[in-house]
Each structure stands twice: as structure tokens, then as C-alpha cells.
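Breakdown of the fold
Okay, here's what each chain looks like letter by letter:
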Amino acid sequence: MGILAVSIDDLTSSEPGLRLSRSRIGTSPVFSHVWEDHAELNARLRQVVLDKMAVTPGLKKSNCGGWQSERDLQLWGDPAIDELLDRMRAMLRSVVRETVVDPEEELLDGWDIEAWANVNQLGDDVAAHVHGGGVNMWAAVYYVDCGQSPDAISSGFTHFLDMSGTPRPISRRAPETSGQTCAPAREAEDLRVEPLPGKMVVFPATLPHYVTAYQGNEKRITIALNLRHTGFVVTDFENHYSRRRTLWRNYRGPMLMMYEAKRVVRETLAAVVPVHRWPAGLRRRLLGGSN
Ligand SMILES: [Fe+2]
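Residue indices begin from 1 for each chain and proceed along its sequence in written order. Local features in a predicted model are, by the rule used here, given only for residues with pLDDT of at least 70; side-chain atom pairs are given and counted only at 80 or more, and totals for whole chains, interfaces and linings are based on all residues. The side-chain numbers reported here are obtained from all heavy atoms of the structure, hydrogens and water having been left aside.

**Describing the overall build of the protein**
We count it as follows: Each helix is a run of DSSP H or I of at least 4 residues and each strand a run of E of at least 2, with the numbering of both proceeding from the N terminus. Working rule for contacts: check all heavy atoms of both residues, and any pair within 4.5 Å makes them a contact. Each accessible area value is a Shrake-Rupley result obtained with a 1.4 Å probe; residue values ignore everything except the protein chains displayed when judging cover.
Counting secondary structure elements, the protein contains six helices and 13 strands. Within the protein, counting contacts between residues at least 6 apart in sequence, those at least 24 apart form 78% of the total. When the accessible surface of the protein is split by element, carbon and sulfur atoms take 53% of a total near 17,500 Å².

**Re the environment of Arg-192**
Put simply, the rule reads: Each residue is placed in one exposure class: buried if its accessible area under a 1.4 Å probe, protein chains only, is under 20% of its type's maximum, exposed if it is over 50%, and partly exposed if it falls in between.
By the element assignment, Arg-192 lies in strand E10 (residues 191-193). With relative accessibility at 13%, the residue Arg-192 sits in the buried group. Along the primary structure Arg-192 and Thr-212 are separated by 20 residues, whereas in three dimensions their C-alpha atoms are 9.9 Å apart.

**So, the side chain of Gln-68**
The following threshold applies: What qualifies as a polar contact is a pair of N or O atoms within 3.5 Å, subject to a donor-acceptor requirement within protein and to the restriction that residues adjacent in sequence count only when both atoms come from side chains.
Inspection of the secondary structure puts Gln-68 in strand E5 (residues 67-68). Since its relative accessible area comes to 3%, Gln-68 is described here as buried. Side-chain polar atoms of Gln-68 contact the side chain of Asn-118, separated by 3.0 Å.

**Focus: unusual backbone geometry**
Glycine aside, negative phi is the norm for most residues, and most peptide bonds take the trans geometry. Even without being glycine, Asp-102 reaches a positive phi, approximately 50°. Secondary-structure assignment places Asp-102 in the loop between helix H2 (79-99) and helix H3 (105-108). Overall, the relative accessible area of 69% leaves Asp-102 in the exposed class.

Pasting the structure below:
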């Protein structure tokens with residue numbers, strides 16, 4: 001199996017005597033393609049989805065409002081669904097060629113696809129979620145109907161969260177990213193995708209994303225897909241930092257107070273007693289290493 005390419009950029013620095021270079025490793029790729037000949041296909045898909053919605057209650061998953069079908073769309077047996085799955089497999093082959101050096105045939109084909117439909121109406125959104133787990137490697141969304149004029153998309157955006165770990169200021173709102181395609185996000189910015197009809201977007205199944213509230217009066221229809229293959233694996237591990245992240249995320253105020261108190265005690269004590277004379281337990285507690 002190949003590896004993702006790593007690029008190294010030499011950067012100019014305003015600090016005298018400092019030459020910074022930047023390597024990239026595995027920042028999340030998001031691929032997109034707009035099928036130009038989507039009109040007839042989407043008209044049929046729209047009808048198939050609305051017919052199914054009329055006779056089944058749907059599931060309650062990450063959708064806040066809206067209707068989500070059972071995860072069996074790939075088995076509905078309609079020619080339009082089969083055409084969509086063919087297009088999905090074609091795009092997957094392209095994605096594999098982009099992310100794997102000299103992929104074998106069995107990596108290009110042999111994908112198992114699980115799919116479902118989503119219909120959002122006024123005020124409906126989708127909470128942040130991932131598709132990772134099991135043998136889900138990539139995930140995808142196909143926009144059937146964005147419910148508004150493609151020339152004036154103003155709601156129902158899909159946002160992918162930046163997972164590079166690059167710190168960003170909490171005091172500054174992320175700049176709006178916009179565009180017809182999924183241009184690579186700049187560091188520490190979420191990526192916003194416009195819901196154009198015929199657009200197919202493929203992303204790592206582990207990449208968190210959400211959908212902003214749809215504010216139109218028509219129906220916003222998408223098809224989501226889990227793309228499974230047993231010949232791939234993704235990095236996944238348990239680690240003991242996850243509890244700290246939960247505390248900082250949910251109790252930021254108290255955690256900040258504790259952090260500041262610890263910093264004051266550490267600096268005050270160090271001014272009176274040299275650090276090397278501190279008992280080992282105290283050093284661990286005040287200097288880190290306890291978690
Ligand atoms: Fe999703």
C-alpha cells in the first residue's frame with residue numbers, strides 16, 4: 001500500500017535569523033466533482049427519494065429535523081440509484097489513484113457501498129458527526145437538490161472541521177470560506193462546501209462534519225454514502241488525553257481558573273525554593289507529567 005505524499009515548504013519569516021520550513025503530513029483531503037449531466041439523473045433520484053419518504057418514517061440519527069431513510073438505498077433497485085452508484089465507484093477509483101501510489105486493481109474496485117437519503121426542510125440541520133468505524137474508509141455526499149437557486153446558495157452548507165490540530169485563536173471567528181469547489185482549506189479553518197446539484201464530495205470517513213440549517217422553502221435532498229473496503233486501514237487509537245480534552249471542551253471556565261492558579265503557585269514557589277529542591281510529587285503536579 002502506498003503513502004500520502006508529504007510536501008515541504010520553505011517559508012519567509014519576519015523574525016531575524018529564523019528560517020522556517022513547513023512539512024505537511026496527512027491533512028484531511030476532501031475531493032469533489034460536479035457531474036454536469038446531472039439534470040435527468042437528479043430528477044429521477046428526487047422522485048425516488050420522495051416516493052420512499054411518503055411511505056416510510058425514516059431514521060433518527062445525526063439529523064436535527066428532516067427525514068433520513070433507512071441505510072438501504074443501494075438496494076432500492078431503481079436504475080437512477082444504480083447510475084449514481086456507478087458514478088460513485090468511478091469517483092472512488094480516482095480518489096484511490098490520488099491517495100495511493102500505484103494502487104493494485106483490488107484497491108480500485110471491490111468497494112462495498114451503503115447509502116441513504118436525507119431530506120431537509122425549513123430549519124432542519126445535521127449535527128456534527130463522523131462516518132468512521134468498522135470498514136468505512138471514505139464517506140461521500142451527493143447533492144440531488146439544494147432547494148434553492150444554484151446561483152444564490154445561502155444555507156444548508158456542509159462544513160468539514162479542521163482536524164489538523166493547528167491552534168487557532170478563540171477570540172477570532174473563522175473567516176468564511178466559499179467557492180464552487182472544495183479548495184484546500186487554509187490551516188485551522190473549517191472547509192465549507194456549497195450544495196450544488198450534481199456535486200459529489202468524497203472525504204475520509206473519520207472527518208467530522210455538519211450541515212448548517214437549511215432556510216429555504218423547498219426540499220433539500222442529498223444522498224450520503226459509506227464506502228467500505230477491507231483492503232485499507234485508518235489510524236485509530238485510544239489515548240489518555242481524551243479525558244482532558246473532554247474537560248477542557250465542556251468546563252473551559254473552571255479549567256482555566258485551575259490552570260491559572262497552578263501557574264501562579266508554580267511561579268511563586270519557584271521564586272522562593274529552587275525547582276530541583278521540590279519533592280518529586282510536587283514537581284510532577286506543578287510542572288506536568290501527572291497527566
Ligand atoms: Fe455525514
